[in-house]
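Listed below, chain by chain, are the residues.
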Amino acid sequence: LDSLLKEMKNENVEVEERTTEEWLHSLLRNGGNISHDAGCASQNFQVEVNENLAKEGRKFFLDNFFMNIVNMFIGLYSILYLPNIARILDITGKSGSTHAAFQRYLSTLTHAIKWFKDSEEMNASMKQVLALHRAGSFRGQKVALEESGSKDIDKGITQLDMVVTQWGFIGPALVFNDIIPFYDKGSSEEGFIYVMYLVGKSLGILDQYNLCHGSPKQTKDRCRIMLKKVIQPRLRERDEISEEMTFHLLNGINVLNPLIMQEDFKLFIEKLLLEEKFEVENSSTIYTLYLFFFQKVLHMPGLCVLRIFMNNLLFYNIWLASKWSDFIYQGVKANEKKDLTIYDRFCQILNIPIFSVISVSAHLARKFRENIIHSKIQTGAYLGCFLALVFLKVQLAGS
């Protein structure tokens, strides 16, 4: 370990001086032998923040909310093919079933939204996520110890795993924006990249490995080389555990959005990630509609209006799912082994207005009650002041 740390110090040159190939070579050579939270030792969540850049990043995220979530879903799908990530998730049971995948994905979205709210929300989320990572890493090492008698660092979560996960949150958007408009080409990604740099740093990624440390061009170049050298080779291998996990992830996403048809969306995602032609002989109508939406509709004039509509619709969808997560979770768990029929999908869609009426009514009732209580307090205060003045006047008149 001492020799490895010494080697890390020797290679910890300025990011600007390192080529993309050198960065990846260093990450693959050493990153798998260094703990995921190695960078947390000295910072104690006191990461210095450039508020102007962070503000730009938050605006970028909100302006492109719908497509950023699509980006994250594609990325999270891809990293399930990385052996150690799949192994840890399998051990912790986070993605081994549809109900678990739904719960994990909704939790991940909730945390991601907090990262782009403000520094206080981000720090609170980072502490929770880091605790989960440490628990998962410990379990991975514990299982390895029971199986082989060796508690190696590479059997827990490593720096390599963290950087690959970082790619999952930002890589697809930066790599494929020319194919699918995740964001307007005229807008700057610098703030978005910076926030993801802060996320990585807060979770313990060392700067020499941090995917988002450096210029936006460097980050884009690293994302491209990671796709070619890390993501694509694993995706082509089709590991059995990874295949099972991606199946459950797609089912979990379908619970959140019934318009996601697992088989067709899987085909679309993999064509994109493997950089293959989208055209498929005898493709389904749903697959054709996906291509039409992502390749035609999103390129049409007046996209800003469509983006605003989709952003708000997805915000509402996530808010509603969060309110009903326990109910949805129990329903998915009870019917997990059942094949979904057209009627089942119709019922899923029908649940949305039902949940909406109940949730919005409860929200309005709570606001109304709060206003009534606030009004009573104000009325009581005014009455108290009035009686006090009357009492004072009586006292003065008596004297």
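Residues numbered from 1 in each chain as written. Predicted model: local features only at pLDDT ≥ 70, side-chain atom pairs only at ≥ 80, totals over all residues. Heavy atoms only, no water.

A. Up close: the overall build of the protein. Helix and strand counts for the protein stand at 16 helices and zero strands. The burial tally for the protein puts 47% of its 399 residues in the buried class. Within the protein, counting contacts between residues at least 6 apart in sequence, those at least 24 apart form 78% of the total. Entry remark: accessible area of the protein is about 21,300 Å², with carbon and sulfur atoms responsible for 59%. (Helix = DSSP H or I, 4+ residues; strand = E, 2+ residues; numbered from the N terminus. Buried < 20%, exposed > 50% of the residue type's maximum accessible area, 1.4 Å probe, protein only. Contact = heavy atoms within 4.5 Å. Areas by Shrake-Rupley, 256 points an atom, 1.4 Å probe, with all protein chains shown as cover.)

B. The pattern of salt bridges, seen in detail. Scanning all chains against the criterion turns up 15 salt bridges. The closest approach of N and O atoms between glutamate 189 and lysine 220, which form a salt bridge, is 2.6 Å. One end of the pair, glutamate 189, is in the loop between α8 (159-176) and α9 (190-202); the other, lysine 220, is in helix α10 (residues 216-237), and 31 residues separate them in sequence. Between arginine 238 and glutamate 270 there is a salt bridge, with the nearest N and O atoms lying 2.5 Å from each other. Pair noted here: arginine 238 is in the loop between α10 and α11 (240-256) and glutamate 270 is in helix α12 (residues 262-273), with a separation of 32 residues, a long-range link. With relative accessibility at 9%, the residue glutamate 270 sits in the buried group. Each of Arg238, Glu243, Lys266 and Glu270 takes part in one network of salt bridges that share partners. (Salt bridge = Lys/Arg side-chain N within 4 Å of Asp/Glu carboxyl O.)

C. Spatial organisation of the side chain of histidine 248. By the element assignment, histidine 248 lies in helix α11. Looking at histidine 248, its side chain comes within polar contact range of the main-chain nitrogen of threonine 98, at 3.3 Å. (Polar contact = N/O pair within 3.5 Å; in protein donor to acceptor, adjacent residues only side chain to side chain.)

D. Highlighting the packing of aromatic side chains. Tallied over the entire structure, the rule returns 18 aromatic pairs. When the ring of phenylalanine 60 is compared with that of phenylalanine 192, the centres are 5.0 Å apart and the planes differ by 25°; the resulting orientation is stacked. Here phenylalanine 192 lies in helix α9 and phenylalanine 60 lies in helix α3 (residues 51-63), a separation of 132 residues in the sequence. Judged by its relative accessible area of 1%, phenylalanine 192 is buried. Ring centres of phenylalanine 293 and phenylalanine 294 lie 5.1 Å apart, and the angle between their planes is 80°; on these two criteria the pair is classed as edge-to-face. Three or more aromatic residues joined by ring pairs make a cluster, and in this case those are Phe66, Phe73, Tyr105, Phe265, Phe268, Phe278, Tyr290, Phe293 and Phe294. (Phe/Tyr/Trp six-rings, centres within 6.5 Å; stacked < 30°, edge-to-face > 60°.)

E. Fine view of unusual backbone geometry. Even without being glycine, arginine 238 reaches a positive phi, approximately 55°. The phi dihedral of glutamate 275 is positive, around 55°, even though this residue is not glycine. Structurally, glutamate 275 can be placed in the loop between α12 and α13 (285-295).

F. Representation of α11 within the structure. With 17 residues, α11 should cover 24 Å at 1.5 Å per step; its first-to-last C-alpha distance of 25 Å lies within 8% of that length. α11 sits mainly inside the fold: twelve of its 17 residues count as buried. Its side-chain oxygen at 3.1 Å from the backbone nitrogen of isoleucine 241, aspartate 239 defines the N-terminal cap of α11. (Expected span 1.5 Å × (residues − 1).)

G. Seen up close, the side chain of threonine 20. Mapping threonine 20 onto the fold places it in helix α2 (residues 20-30). A relative accessible area of 18% places threonine 20 in the buried class. Discounting residues that sit within four places of it in the chain, threonine 20 has contacts with Asp221, Arg222 and Ile225.

H. Up close: the confidence of the model for the protein. The predicted model of the protein averages 82 in pLDDT, with 76% of residues at 70 or higher. Across residues 1-16, confidence stays below pLDDT 50; counting only partners more than four residues off in sequence or on other chains, it has 23 contacts. (pLDDT = per-residue confidence, 0-100.)

I. Highlighting the packing of helix α7 (residues 119-148) against α9. At a closest axis distance of 10 Å, the pairing of α7 and α9 adopts a crossing angle of 45°. Classed by the angle they form, the pair α7 and α9 counts as oblique. Seen along the crossing, α7 lies across α9 with a hand that is right-handed. For the pair formed by α7 and α9, the contact residues are Met122, Met126 and Leu130 on the first element and Val195, Leu198, Val199 and Ser202 on the second. Broken down by class, the residue content of the contact of α7 with α9 amounts to six nonpolar, one polar and no charged. (Axes fitted to C-alpha atoms, helices over the stretch in contact; angles between N-to-C directions. Parallel < 35°, antiparallel > 145°, perpendicular 65-115°, else oblique. Left-handed = near helix turned anticlockwise from the far one by under 90°. Nonpolar A, V, L, I, M, F, W, Y, C, P; charged D, E, K, R; others polar.)

J. View of the packing of α12 against α13. Two elements in contact, α12 and α13, have axes separated by 9 Å at closest approach and are oriented at 45°. With respect to α13, the axis of α12 lies oblique. Between α12 and α13 lies a crossing whose hand is right-handed. Taken together, the residues of α13 that come into contact with α12 (itself represented by Asp264, Phe265, Leu267, Phe268 and Lys271) are Ile286, Tyr287, Tyr290, Leu291 and Phe294.

K. Representation of the state of the cysteines within the structure. Overall, the coordinates contain zero disulfides when judged by the stated rule. Cysteine 223 provides the cysteine sulfur closest to cysteine 212, a residue in no disulfide bond, and the two sulfurs are 6.5 Å apart. (Disulfide = S-S within 2.5 Å.)

L. How the structure looks around a negative patch on the surface. Negative charge collects at one region of the surface, where Asp90, Asp239, Glu240 and Glu244 lie side by side. Mapped onto the elements of the fold, aspartate 239 is located in the loop between α10 and α11. Its relative accessible area of 37% is what places aspartate 239 among the partly exposed residues. (Patch = residues over 30% accessible without salt bridge, like charges linked within 9 Å, V, L, I, M, F, W, Y side chains within 5 Å. Lys, Arg positive; Asp, Glu negative; His and termini not counted. Charge placed at Lys NZ, Arg CZ, Asp CG, Glu CD.)

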